[in-house]
Structures are given as C-alpha cells and as structure tokens.
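The primary structure of each chain is shown beneath.
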Amino acid sequence: MSLETQNHEKSSQAPQPEYPPACHFIGGEWVEPASGQRSASLHPATEAPHTEIAAGDAADVDTAVGAATQAFADPKWRQMAPAKRAKVLWRMAELIDQNRDNLARCESWDTGKTWFDSSKIEIPLVAEIFRYYAGWVTKNEGGVVPLPGNAMGLTLREPVGVCGMITPWNFPMLLAAWKVAPALACGNTIVLKPSEQTSLTSLWMARLGAEAGLPAGVLNTITGGGRAIGTPMVQHAGVDKISFTGSTEVGKMVQREAAETVKRVTLELGGKSPNIVFADADFKAAVRGAITGIFYNKGEVCAAGSRVLVERAIYEPFVEALAAMAAKTTVGGPFAEGVRMGPLCNADQYDSVLAYVDKGKADGARLVAGGMSLRDEVGGGKGWFVAPTVFADVDPGARIAQEEIFGPVLSVIPFDTAEEALQIAHNTRYGLAAAVWSRDLGRALGFARQLRAGTVWINTYNLYDPGLPFGGFNESGFGRDLGRDALSAYTESKSVWINLD
Ligand code: NAD
C-alpha cells in the first residue's frame, strides 16, 4: 500500500498537559459536581482514558445559571467602563497566548488533532478572536432616530442577558471563543457547555477569564452530557439566549425546546459543502484546496469540502491527482513528527465514517484512495485511525453525497455546465460553505453570488478570519458567528422615545 503512515506516539511519550480539576468552573471558582460523578476523557490515538471531567446534571445547571444571573444583575460587569471591559478581553487574549502550549496539548489529547494544528493554528486564532472583539467593546453604538414633533428617538444596544452556549468536539476552544468573545464584548454573562468529549480547554478558558479580570459568575463552564446538562440549560427559564454549534438533528431539538420560553437562538449546524472546480482553474492549487478542504482536521469540520464537483474536461486527471495526494497524506498520532492527519475524535465517529465508506462502495462509487481503517497499521490495534478516502463518479443523490460524514471521505462528481454544477451544489439540505475555482474572477464571482451558502471561498478553501461572519443557509442553521454580525446575536435593541416638550 502506498499510503504513508507513522506509528502513533505511545501515550507515555506524548507531552502531558496540565489538566484542569475535574470540576465545573462556576462563580469564579472550581465547583464539585452536585452528584459527585465523573466521566473519562479518552485519547483518540490509544482509546485509553487520559483524564476525567465532572459529569454534571440539572442541579449544576441551576447553580451555574444562578451565578450568571447574579453576575448579570451586578453593575460590576454590566456597567464596567467599556475601555476597561476591552482591556479584560485583551488580557484574556494575552493569557491564551501565554498558555498556548498547554491549551494545545489539552486539545490534541482530547480530539486527536495534530500538534501543529492545535498549537500553530487554533489556539493562536482563539487569542486573535478575543483581540478582535476587545476592539468592538468601545464601538457598540446605538443611534438617533428622527421622530415627529418635539421628540427624539434613541436606539440602544443592550446585552441579551444570560447566554447558554453549547459547543461540539471538533474545534473545542475555537468554537467556544466564537461565541464567548462577542458575548462578553456586549456585556452578557455566560454558561458554557462544551462537548463532554473535549471539555478541557473550555474549563481553562473560564479560569483564564477570571485571571484576566472577569468578575465572578460572568463566564461559567459546566461539563457533562447533552441530555444531562444541555437539555436542562435549554429549558432553564433563567437563560435568555442559546447559542448552539453542533449537528442539525440536535439543533432542531434545541430550537424546539427553546421555543417554550421564547429564547433567542443561534444555530450553527452541519454541512455538505461543494468545492466546485472549473476547467480553467489553477489545477495544482485546486487539487491542494480540495485535499485540505476535506482532510484538514480529519474532515471533522462543519464546512469540510466533502463534495468536489469537477468540470468534465479536467475530471480524470483531477481524480488521479486527488487520489495520489490522498495516498501521500501521513496518518498518525497527534504528536508524532510529520503527521498530517490524526485519528478521528471518538469511537462513534470512527464507526460511522467506516459505515459510510461501506455505503459508498455498496452504492457503486469508484474508490480511488483509502477506504479502510488504519487502526492496526498505524495504531497497533488501537486508535480511531481512518485512511484519507476518495470516491470518484459519485451519484449526486447517493448517501455519501447527501449526508454529512464528518470524516476524511471525499465524493468527487463530474459536471458539464455551470448550470449543472449549481444544481448539484444545491442538491442537499445544507448551505454552510462552498468554493469556486476558476482563473476567470468575473465568472467565479458571478457563480459565488448564485450559491446558497453562508461562506463562499474563491480559489481557496477552509480559511477563517475573526472579521468575516460565518454561518449557514438552509438546514445549516441561522444567525452568524464572527465579525460585526455576531454583535447583533448578543445584543437586544432598545428604543427610547424622549418627549422634549
Ligand atoms: P452534537 O450535535 O452531537 O453535539 C453538540 C453539542 O450539543 C455537544 O456539546 C453535546 O453534548 C450537546 N448536545 C447533545 N444532545 C443535546 C441535547 N439533546 N440538548 C442540548 N445539547 C445537546 O454534535 P457533535 O457531534 O459534537 O459535532 C459535530 C456536528 O457539529 C456536525 O454536524 C458539524 O457539522 C457540526 N458543527 C457545525 C459547525 C458550524 O459552525 N456550523 C461547527 C462545528 C461543528
């Protein structure tokens, strides 16, 4: 087999992080779970427990919401001078930078992502997001509206209140930062519930926030399962807003539950994003873009370019180049030298991705790279390793072209005309991201404008910036994280009518 692999590190050789206590962080301190229960965090490369977290329940939700409610009522935070609040956010960014190695270690141990990705890309980006929103604190302006008669209208931007945040396991600290930083910038208080599989960095985030000067109760992190603490949080009358990132299925449940108390809701959900390559594209760049589009973070990316649509004139050579590059992608443990792709995050994901590989084969797609587990070859019988997999000639209606796999499995589909490409691109229930590859910028831009997706990249893929809003069309969700747009997700508009007679 031509696939390059690299033995994963023995867990004893991989650098151990400093772990947070197996507690919640509530009201500025570590708090034991009410039930006294804990659950194990597993390392994807060894499948062995590497630490424990608190297994919270509804009582812990109640305590955390109580702390956040009290902190919201307290003028210390709500009425803190904007410049001072900005300084707290900036200080959080500095502390994140200073603790980068430890945070990145926590992330790689929890998720299996490579040390390069966690330490060089993600944690630095977390700090950037806090810096970006520190800049907005002093600019959260309202307006003055002309009114009839001797009167004046003001619009004020006020914090929503207690924000419940629920995040997934693929980019634990980064996706928490997308929500926490703008919510803090607008003066809200927070109860953050990370995925029970990857909670460590969200606990550290709350602890570093306290060190940076957040008053007690402003940022609380509680850990535990979706039904155990996610549902009670969504149902809790003391929570004003739910900001959720995760699967479309759970997102729909969250929206239904939140309707009971008319909570504000932002949903960032799944995707099946098309990466569309026209024949006039820079061939090499498009192949690289398609490869990073699907294999970055093992394909565990909501915006993964999991469908590559290629114009017929370059289809065969493109498939060949993709297959060759996929086969060269080095798979191994997250801390091993030269590894480009770590193990999948958890056992369910591993089983589900391999089941999709079987579905692809059963549905008649042409397997040109990967298509198997690497647990034995790379992990010596342990670890959720899957080979980078490419299917060509995929029917646009097939299961692997319709359903979010959330793993390193690419479906390649040929097209003849731009109209057909657009029709295939839109032929799923999602609308999170897309990309267009063409040297003709006018054509690419025209095509980008027709695409029903929250983000469209042109001649690149998988790039993010704190200033550029991110979110979905269709069943990929609604509301936007990042950029100026996120400020409206964490503020209420209040109108004031002043009678000047
Ligand atoms: P998930 O929906 O299973 O879980 C997400 C979070 O919701 C976790 O914290 C989980 O504990 C919690 N949860 C589960 N059941 C719940 C319930 N009944 N009530 C309240 N909370 C509950 O998703 P996941 O497997 O952790 O993450 C993968 C999914 O996330 C993929 O579908 C991916 O596309 C999506 N995602 C979307 C974005 C985006 O920005 N659009 C980003 C990353 C991931």
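Residues numbered from 1 in each chain as written. Predicted model: local features only at pLDDT ≥ 70, side-chain atom pairs only at ≥ 80, totals over all residues. Heavy atoms only, no water.

1. Details of a nonpolar patch on the surface
Judged by side-chain polarity, Val144, Met152 and Leu500 come together as a nonpolar surface patch covering roughly 270 Å² of accessible area. Positionally, Val144 belongs in strand E5 (residues 143–146). (Patch = residues over 30% accessible without salt bridge, like charges linked within 9 Å, V, L, I, M, F, W, Y side chains within 5 Å. Areas by Shrake-Rupley, 256 points an atom, 1.4 Å probe, with all protein chains shown as cover. Salt bridge = Lys/Arg side-chain N within 4 Å of Asp/Glu carboxyl O. Helix = DSSP H or I, 4+ residues; strand = E, 2+ residues; numbered from the N terminus.)

2. Details of the pairing of strand E17 (residues 433–437)
Judged by how many residues are buried, E17 sits mostly within the fold: five of five residues are covered. The side-chain alternation of E17 yields two buried faces, one formed by Ala433, Ala435 and Trp437 and the other by Ala434 and Val436. Bridge count between strand E12 (residues 274–277) and E17: three bridges; the pairing is parallel. Across the sheet, residue Asn275 finds its bridge partner in E17, namely Ala435. Here E17 pairs with strand E18 (residues 455–458) via four bridges, running parallel. Residue pairing across strands places Ala433 opposite Thr455, the latter belonging to E18. Read from E17 through helix H16 (residues 441–450) to E18, the crossover connection turns out right-handed. (Buried < 20%, exposed > 50% of the residue type's maximum accessible area, 1.4 Å probe, protein only. Pairing = 2+ DSSP bridges. Right-handed = clockwise from strand over helix to strand, strands pointing away.)

3. Some points on the site of the ligand
Close to the ligand lie 27 residues; Thr167, Glu196, Ser247, Leu269 and Glu404 are nearest. Contact distances for the ligand include 2.8 Å between an oxygen atom and a side-chain N or O atom of Glu196. The side chain of Ser247 places a nitrogen or oxygen atom 2.6 Å from an oxygen atom of the ligand. Contact with the protein chains removes 90% of the 850 Å² of surface that the ligand exposes when unbound. Tallying contributions element by element places helix H8 (residues 226–235) first for the shell around the ligand, with three residues. A breakdown of the residues in the shell around the ligand according to their chemical character gives 13 nonpolar, ten polar and four charged. Three or more residues apiece are contributed to the shell around the ligand by two domains, here domain 1 (24–269 + 477–495) and domain 2 (274–466). (Near = heavy atom within 4 Å. Polar contact = N/O pair within 3.5 Å; in protein donor to acceptor, adjacent residues only side chain to side chain. Nonpolar A, V, L, I, M, F, W, Y, C, P; charged D, E, K, R; others polar. Domains from an automatic or database assignment.)

4. Considerations on the domain arrangement of the protein
The assigned domain composition of the protein is domain 1 (24–269 + 477–495) and domain 2 (274–466). Domain 1 and domain 2 are separated by 30 Å when their C-alpha centres are compared. Facing 36 residues of domain 1, the contacting portion of domain 2 comprises 31 residues. Approximately 2,500 Å² of surface area, both sides summed, lies buried where domain 1 meets domain 2, with 61% of it carried by carbon and sulfur atoms. (Contact = heavy atoms within 4.5 Å. Buried area = accessible area lost by both parts, 1.4 Å probe.)

5. What to know about the pattern of salt bridges
Tallying each qualifying case throughout the model produces 22 salt bridges. Here Glu32 makes a salt bridge to Arg38, at a shortest N to O gap of 2.9 Å. Taking the relative accessible area as the measure of exposure, Arg38 reaches 30% and is therefore partly exposed. Between Glu475 and Arg429 there is a salt bridge; the shortest N-O distance is 2.9 Å. Here Glu475 is found in the loop between E18 and strand E19 (477–478), whereas its partner Arg429 is found in the loop between helix H15 (418–425) and E17, with 46 residues between them in sequence. The exposure class of Glu475 is partly exposed, given its relative accessible area of 28%.

6. Section: the sheet that holds strand E6 (residues 151–159)
Taken together, the three strands give an open sheet; going across it, the order is E5-E6-E20, and neighbouring strands pair in antiparallel fashion. Each edge of the open sheet carries a strand with a single partner, namely E5 and strand E20 (491–499). Neighbour to neighbour, the strand axes of the sheet diverge by 25 degrees on average, direction disregarded. As judged from the four bridges shared by E5 and E6, these two strands associate in the antiparallel manner. If you follow Val144 over to E6, its bridge partner there is Leu154. (Axes fitted to C-alpha atoms, helices over the stretch in contact; angles between N-to-C directions.)

7. Examining the side chain of Ser119
When you line up the elements, Ser119 lands in helix H5 (residues 115–136). There is a polar contact of 2.7 Å between the side chain of Ser119 and the backbone oxygen of Trp115. Residues in contact with Ser119, not counting those within four places in the same chain, are Arg100, Ala104 and Pro124.

8. Brief notes about the nonpolar core
Formed by 97 residues in total, the largest nonpolar core has its most connected members in Phe130, Tyr133, Leu184 and Phe318. At eleven residues, the largest contribution of residues to this core is made by helix H6 (residues 172–185). Each of domain 1 (24–269 + 477–495) and domain 2 (274–466) gives at least three residues to this core. Those residues in contact with Phe318 that lie beyond four places of it in its chain are Val277, Phe283, Ala286, Val287, Ala290, Val308 and Val310. Counting 31 residues, the second largest nonpolar core, distinct from the first, contains Ala365, Ile400, Ala401 and Leu422. (Core = buried A, V, L, I, M, F, W, Y, C linked by side-chain atoms within 4.5 Å.)

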